[in-house]
Structures are given as C-alpha cells and as structure tokens.
Amino acid sequence: MGGEIYQAQILRNFFETITGTDRNLTRIYMCVITTAKLRMEPPETLSHLVDQMRKSKQKKELSVDIIDYMCQAAIDIDMHSVMTAFGVQDVAQMSEDIIGVSLDSL
C-alpha cells in the first residue's frame, strides 16, 4: 500500500505541474518515468514514453499519449491510497468517530 501512496503523490505532482504556472518538462519527465517504473512497465512501454517525452520537448507541447498514460495510472490506483496522498480523510471513518462521540456523550 505504501507504494501506491507514493505513486499517487507522484501523480498529484504531475497534475499540479501540468496545470500550474511552472510547466517544467524535466519535472514532468521524472514523474512519468517514476510512475512507469513503479508500475513495473515493460521496456517497450518505457521506451514509448521516453520517445513521447522527446517529441513533447521538440514540439513544446505535452503529448496526448503521456497524459493518457498518467490518467490511466491514476484510474488504476486504489482510491484509499489516492485519498491518503491528497490528505483526504475517509468519510466512513469520520462518521463512525462522530457517532461514537455522540453515543458516548449520552
């Protein structure tokens, strides 16, 4: 589970980078490659991603294949790990805590 939380944090960094004011291609490249390595992608996929990053640098425009890959990686992650990476508390756990406090105070 720790690996998925780390992967979710990398994905968060990727999306913050591409939507923010500092669209550093080196940072984007590192996020993409790290995600691919964490997902243990085959060498062909890694090679394709590197090729797409090179083309993105030449065209000064992020490849749709890169965005598609990172979106698919985000979809594949367990939702609990994503919530942890983004600092969101589990709503079910919060409701149980509130119910426990309410019943205890009676």
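What you see is a predicted model; the values in this text were computed from it and never measured. (Residues numbered from 1 in each chain as written. Predicted model: local features only at pLDDT ≥ 70, side-chain atom pairs only at ≥ 80, totals over all residues. Heavy atoms only, no water.)

Undergrad: Just checking my understanding: could you explain the overall build of the protein chain for this structure?
TA: When helices and strands are tallied, the protein chain shows six helices and zero strands. Within the protein chain, the proportion of its 106 residues that are buried is 26%. Long-range contacts, defined as pairs at least 24 residues apart, comprise 66% of the intrachain contacts of the protein chain with a sequence gap of at least 6. Carbon and sulfur atoms make up 57% of the accessible area of the protein chain, which amounts to about 7300 Å² in all. (Helix = DSSP H or I, 4+ residues; strand = E, 2+ residues; numbered from the N terminus. Buried < 20%, exposed > 50% of the residue type's maximum accessible area, 1.4 Å probe, protein only. Contact = heavy atoms within 4.5 Å. Areas by Shrake-Rupley, 256 points an atom, 1.4 Å probe, with all protein chains shown as cover.)

Undergrad: What's the story with unusual backbone geometry in this structure? I'm lost.
TA: Leave glycine aside and you will find that most residues have negative phi; peptide bonds, for their part, are mostly trans. A positive phi angle is found at Met40, which is not glycine, with a value near 55°. Relative to the assigned elements, Met40 resides in the loop between helix H2 (25–38) and helix H3 (43–59). Here Lys60, not a glycine, exhibits a phi torsion of approximately 60°, which is positive. Turning to its location among the elements, Lys60 is positioned in the loop between H3 and helix H4 (64–76). In this structure Lys60 comes out as exposed when scored by relative accessible area, which is 77%.

Undergrad: For this particular structure, what's the right way to read H3?
TA: Here H3 spans 24 Å end to end across 17 residues, near enough to the 24 Å set by a 1.5 Å rise per residue. In this fold, the buried residues of H3 make contact with H2 and H4. Downstream of H3 by one or two residues, Lys60 has phi in the positive range, about 60°. (Expected span 1.5 Å × (residues − 1).)

Undergrad: Even after reading the chapter, I still don't get the side chain of Gln7, so can you show me in this structure?
TA: You can see Gln7 is positioned in helix H1 (residues 2–19). Dropping the residues within four chain positions of it, Gln7 is found in contact with Thr35, Leu38, Arg39, Ala73 and Ile77.

Undergrad: For this particular structure, what's the right way to read the pattern of salt bridges?
TA: Where charged atoms from two side chains of opposite charge come close, those side chains can pair. Counted according to the given criterion, the structure contains four salt bridges. Measuring nitrogen to oxygen at the nearest pair gives 3.1 Å for the salt bridge that ties Arg12 to Glu16. Of this pair, Arg12 and Glu16 both sit in helix H1, four residues apart, which is roughly one turn of the helix. Judged by its relative accessible area of 30%, Arg12 is partly exposed. One network of salt bridges, with partners in common, ties together Arg39, Glu41 and Asp76. (Salt bridge = Lys/Arg side-chain N within 4 Å of Asp/Glu carboxyl O.)

Undergrad: Looking at this model, I keep getting lost on the nonpolar core. Mind explaining?
TA: Within soluble globular proteins, side chains that are nonpolar tend to cluster in buried spots. Formed by 16 residues in total, the largest nonpolar core has its most connected members in Phe14, Ile28, Val32, Leu49, Ile66 and Met70. Of all the elements in the fold, those that place two or more residues in this core are H1, H2, H3 and H4. Here this core gets five residues from one element, more than from any other, and that element is H1. (Core = buried A, V, L, I, M, F, W, Y, C linked by side-chain atoms within 4.5 Å.)

On their own, these measurements won't tell you what the molecule is for.
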